[in-house]
Amino acid sequence: MKISRRSFVRTSAVAGAGLLMSQSTPQKLFGSIVKSSGLITVSTWENTLKSTWRTFELLQSGKNSLDAIEAGIMVAEDDPTNTTVGYGGFPDEDGIVTLDASIMDWNGNAGSVAAVENIRHVISLARSVMQTTKHVMLVGEGAKKFALANNFKEEDLLTEKSRAAWEEWKGKNIKNNNRVSPNNHDTIGLLAIDRDGNMSGGVSTSGMAWKIHGRVGDSPIIGAALFVDNEVGGAVATGNGEWVMRSCGCFLIVEKMREGYSPEEACKIAIERVNKLNKNGEDIQVGYVALRKDGVMGAHSLYPDFSYCLADKNGNKSYKSAFYRTK
Ligand code: ASP
């Protein structure tokens, strides 16, 4: 269904209801623009520049956004120095690497996998779920069985480095096991717009290091860590997934963009919800990156030090995100 221009534009009544942050001014350009001004890809965290570059190269070569984001995320899944994604991702409390991923295309199709062991390219597995089954999500043993039946390679994803880190944690914290630290988890979330103006997005992670075996984060939950609506835009999340799930972050962001909020304002509103939920001031971090259909992007995080990458006709660079508060 086509959305009318009117429905994109935020009304003064909404602003008056206090949802609007102080510095916001309506960006009314949305609604009249239905196509991006060019090829663009954005991703969470500054260590994903190789992924945005790969994605952008493929967009330039004429690949659609789904092929491009899958290939871009695979670069991070292959990188053993990235200890929060794919091969080399930090394991759970039992020393087992379990991966979560999700993917969405411009037709509103979605696929995801959760708590998958011994399969490196879970983004591709999520894509297979989306494209070859009637389901959206497969988990654990079932997801692995599906992977093996579809010729995915089974392999040990633990590297020397990730095993040593786990052993160190186990030795130190076995009694008082403080699992949640701002420094032991991240996710690659990536959004792209292709030549036809179509958007796709994907997310891949090993989740929180030292998590309880069986824990699933926000990354494979459609609407939490990923949402794409080709008429509006998309959003991806990183950080403490429990808080992203509790606030349905990415769906909220896309809906706020639909109302006319800019991508950054929409991310900020979602962060404000997280902040409100975090009544006891737990030491958490959440970061969102949003990309609007017209190619305008924005990001916001709860605390400083969140970063993102952006590749477009002006180059491939990383940036510090705006943030909501200091600790
Ligand atoms: N959102 C991920 C999770 O909770 C971790 C992260 O992105 O920092 O599994």
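Trainee: Would you mind showing me how to read the overall build of the protein here?
Mentor: When helices and strands are tallied, the protein shows 10 helices and 13 strands. Burial status across the protein gives 58% buried among its 327 residues. Look at the contacts in the protein between residues 6 or more apart in sequence, and 65% of them connect residues 24 or more apart.

Trainee: Explain the confidence of the model for the protein to me, please; I cannot follow it from the model alone.
Mentor: Close reading of the predicted structure is inappropriate where its pLDDT is low. Per-residue confidence for the protein gives a mean pLDDT of 89; residues scoring 70 or more make up 85%. Low pLDDT (under 50) marks residues 1–35, which in the prediction has 64 contacts with non-local residues, meaning those over four places away or in another chain.

Trainee: I would appreciate a short explanation of the packing of aromatic side chains in the present structure.
Mentor: Think of a pair of aromatic rings as described by two things: how far the centres are apart, and how the planes are tilted against each other in angle. All told, the structure shown has six aromatic pairs when counted by the stated rule. One aromatic cluster is present, formed by Phe90, Trp169 and Trp210 through successive ring pairs. Above the plane of the ring of Trp243 lies Arg246, whose end atom (NZ or CZ) is 4.5 Å from the centre. Above the face of the Tyr303 ring, Lys327 is positioned so that its terminal group lies 5.0 Å from the ring centre.

Trainee: Please explain the environment of Cys309 as it appears in this structure.
Mentor: Looking at the element boundaries, Cys309 is found in strand 11 (residues 307–312). Through-space distance from the C-alpha of Cys309 to that of Thr41 is 8.1 Å; in sequence the pair is 268 residues apart. Residues in contact with Cys309, not counting those within four places in the same chain, are Thr41, Val42, Ser43, Trp45, Glu46, Thr48, Leu49, Thr52, Lys317 and Ser318.

Trainee: Looking at this structure, how should I read the packing of helix 5 (residues 122–132) against helix 6 (residues 140–149)?
Mentor: Any two packed helices are characterised by how steeply their axes cross, that is the angle between the axes, and by the distance between the axes. Their axes nearest at 11 Å, the elements helix 5 and helix 6 cross at an angle of 80 degrees. When the axis of helix 5 is compared with that of helix 6, the two are roughly perpendicular. Facing Leu125, Ser128, Val129 and Thr132 of helix 5, the residues of helix 6 in contact are Ala143, Phe146 and Ala147. By residue class, the composition of the contact of helix 5 with helix 6 is five nonpolar, two polar and no charged.

Trainee: Can you help me understand the pattern of salt bridges in this one?
Mentor: A pair can form between side chains of opposite charge whenever their charged atoms are brought close. Taken as a whole and judged by the stated rule, the model has 14 salt bridges. With a shortest N-O distance of 2.8 Å, Arg258 and Glu255 are connected by a salt bridge. Here Glu255 and Arg258 lie together in helix 9 (residues 249–259), a separation of three residues that amounts to about one turn. Owing to a relative accessible area of 17%, Arg258 belongs among the buried residues under this scheme. Its salt-bridge partner being Asp294, residue Arg292 comes within 2.9 Å of it at the nearest N-O pair.

Trainee: What's the story with the site of the ligand in this structure? I'm lost.
Mentor: Around the ligand lies a shell formed by His185, Asp186, Thr187, Gly207, Met208, Arg215, Gly217, Asp218, Thr238, Gly239 and Gly241. Residue Asp186 places a main-chain N or O atom 3.2 Å away from an oxygen atom belonging to the ligand. Between Gly239 and the ligand, the recorded distance is 2.6 Å, taken from a backbone N or O atom to a nitrogen atom. Contact with the protein chains removes 100% of the 270 Å² of surface that the ligand exposes when unbound. Class assignment for the residues of the shell around the ligand results in one nonpolar, seven polar and three charged.

Trainee: Explain the packing of helix 4 (residues 65–78) against helix 5 here, please?
Mentor: As a packed pair, helix 4 and helix 5 sit with axes 8 Å apart at the nearest point and diverge in direction by 150 degrees. For the pair helix 4 and helix 5, the contacting residues are Leu66, Asp67, Glu70, Ile73, Met74 and Glu77 in the first and Val122, Ile123, Ser124, Arg127, Met130 and Gln131 in the second. When its residues are assigned to classes, the contact of helix 4 with helix 5 shows six nonpolar, two polar and four charged.

Trainee: Explain unusual backbone geometry here, please?
Mentor: Keep in mind that most residues, glycine aside, have a negative phi and that most peptide bonds are trans. Residue Ala115 is not a glycine yet carries a positive backbone phi of 55 degrees. Mapped onto the elements, Ala115 comes out in strand 3 (residues 110–117). By relative accessible area, Ala115 is classed as buried at 17%. Although it is not a glycine, Cys248 adopts a positive phi angle of roughly 45 degrees.

Trainee: What am I meant to see in the nonpolar core here?
Mentor: As a rule of thumb, soluble globular proteins bury nonpolar side chains together. Within the largest apolar cluster, 45 residues are counted, with the highest numbers of intra-cluster contacts made by Leu191, Ile253, Tyr288, Val289 and Leu291. If you tally residues by element for this core, the top one is helix 10 (residues 263–277), at six residues. Counting residues in hydrophobic clusters, the runner-up holds 35 residues, among them Val85, Met130, Phe146 and Leu158.

What counts and how
Counting starts from 1 at the beginning of each chain's written sequence and moves along it residue by residue. Since the coordinates come from a predicted model, pLDDT governs what is reported: local features require at least 70, and pairs of side-chain atoms require 80 or more to be given and counted, while whole-chain, interface and lining totals use all residues. Calculation of side-chain values draws on the structure's entire complement of heavy atoms; hydrogens and water are dropped beforehand. Labels follow the DSSP assignment, with helices taken as runs of H or I lasting at least four residues and strands as runs of E lasting at least two, numbered in each case from the N terminus. Burial classes: relative accessible area under 20% of the type maximum marks a residue as buried, over 50% as exposed, and values in between as partly exposed (1.4 Å probe, protein chains only). We call two residues contacting when some pair of their heavy atoms lies within 4.5 Å. Every residue is assigned a pLDDT by the predictor, reflecting its confidence on a scale from 0 to 100. The pairing test for Phe, Tyr and Trp rings, Trp by its six-membered ring, is centres within 6.5 Å, and the orientation test on the planes gives stacked under 30 degrees, edge-to-face over 60, and tilted for anything in between. Charge over a ring is defined by NZ of Lys or CZ of Arg lying within 6 Å of the ring centre and within 35 degrees of the ring normal. Only the stretch in contact is used when fitting a helix axis, every axis being a line fitted to C-alpha atoms; angles between N-to-C directions are given from 0 to 180 degrees. Each angle receives one of four descriptions, namely roughly parallel if under 35 degrees, roughly antiparallel if over 145, roughly perpendicular if within 65 to 115, and oblique otherwise. Note that Gly is not counted as nonpolar here; it falls among the polar residues with everything else outside the nonpolar set of Ala, Val, Leu, Ile, Met, Phe, Trp, Tyr, Cys and Pro and the charged set of Asp, Glu, Lys and Arg. The salt bridge criterion pairs a side-chain nitrogen of Lys or Arg with a carboxyl oxygen of Asp or Glu, the two atoms within 4 Å. Note on definitions. A residue lies near a molecule or strand when any single heavy atom of the residue is within 4 Å of it. Each polar contact in these results corresponds to two N or O atoms within 3.5 Å; when the atoms are within protein, one needs to be able to donate a hydrogen and the other to accept it, and residues that are neighboring in sequence are counted only if both atoms are side-chain atoms. Method for areas: the Shrake-Rupley scheme with a 1.4 Å probe, in which residue coverage is limited to the protein chains shown. Think of a nonpolar core as a cluster: buried Ala, Val, Leu, Ile, Met, Phe, Trp, Tyr and Cys residues, connected wherever their side-chain atoms sit within 4.5 Å.

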